[in-house]
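Examining the three-dimensional arrangement
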Amino acid sequence: MIDDKLAARLGWSLPLVTIFLSSSIHWISGNNRAFPFFISEADYPGIERYVFTIGFFFTGIVLMFVSWRLFIVNKSRTRWYWIHLSLLSGIFVGGNLALMAFWDMYDHLTLHITTALNVFHFGLAWGVFTHLAMKEGSQKGKNIRYFSIAIGFIAFFGMTYSMGLGIDRHPEFLETNDMNMIQPWINWAAPMEYLLAISFILTLKSFEADIIPNEEEE
């Protein structure tokens, strides 16, 4: 059986490496449409697509496992309703991330946006539910979540607001999906998306302090 601490560590390190490598390759190879660009733009035909797809698919699988183990080893000392919501959110996030890995924004835009928004929305919810559940959790984990969840909400609303301004200015974007048209607003929205991803990775990092290695209570 995989060690719980190792699984928790993979849960945050895999997406970190995937985002860094796929975005770096996309930029260095000259395949980027503009700069800055959204994380999902790195799911572009080429080496970066392999990194993006493989990395996020396995991340999704790992997150579903981490969610389950976090539930199992903590259920007897947490607020039962919040820890159940944490479990459901984590599994939903992992499943959507695994699907998003194969539904790229170039060929499956609607499916990609749907699964990506599910990851963002329920990723924040997962952090909140877990935090509320851990009445006797690690203080280190709680401190990380205070910061990461706050930053996550700021980044999410900043990204949404920036994109909303761009679409209000160019409503035809909804029909053409020409991202160059709203690049001035993406200049703000894209960094906010990276900040949102970092906040989620920090939240996943906090779980490492709350998961007990292979201690399953009967």
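Before going into details, it helps to say that this report is about the structure given with it. Here the structure is a predicted model, which means the values were calculated and not measured.

1. A word on the pattern of salt bridges
The final tally for this structure, using the stated rule, is seven salt bridges. Among the ionic pairs, Glu41 bridges to Arg33, the shortest N-O distance being 3.0 Å. Residue classification places Arg33 among the partly exposed positions, given a relative accessible area of 27%. A salt bridge links Arg49 to Asp43, with the nearest nitrogen and oxygen atoms 3.2 Å apart. On the basis of relative accessible area, Asp43 is assigned to the buried category, the value being 1%. Residues joined in a network through salt bridges with shared partners are Arg9, Lys205 and Glu208.

2. Re the layout of surface pockets
The space that makes up the largest pocket amounts to roughly 1,000 Å³. What lines the largest pocket is a set of 49 residues, and nearest its centre among them are Phe38, Ser40, Ala116, Phe120 and Glu193. Of all the secondary-structure elements, those providing two or more residues to the lining of the largest pocket are helix 1 (4–28), helix 2 (47–74), helix 3 (80–100), helix 4 (109–133), helix 5 (139–169), helix 6 (173–176) and helix 7 (183–207). At ten residues, helix 4 tops the list of elements feeding residues into the lining of the largest pocket.

3. With respect to the packing of aromatic side chains
A complete count under the given rule lists 15 aromatic pairs for this structure. The structure contains a cluster of three or more aromatic residues connected by ring pairs, namely Trp80, Tyr81, Trp82 and Phe129.

Criteria and cut-off values
Residues numbered from 1 in each chain as written. Predicted model: local features only at pLDDT ≥ 70, side-chain atom pairs only at ≥ 80, totals over all residues. Heavy atoms only, no water. Salt bridge = Lys/Arg side-chain N within 4 Å of Asp/Glu carboxyl O. Buried < 20%, exposed > 50% of the residue type's maximum accessible area, 1.4 Å probe, protein only. 1 Å grid on protein atoms, 1.4 Å probe; cavity = no way out; pocket = protein on both sides within 12 Å on 5 of 7 lines; lining within 4 Å. Points joined across faces, edges and corners; volume = space filled by probe spheres on them. Helix = DSSP H or I, 4+ residues; strand = E, 2+ residues; numbered from the N terminus. Phe/Tyr/Trp six-rings, centres within 6.5 Å; stacked < 30°, edge-to-face > 60°.

Geometry only, nothing functional implied.
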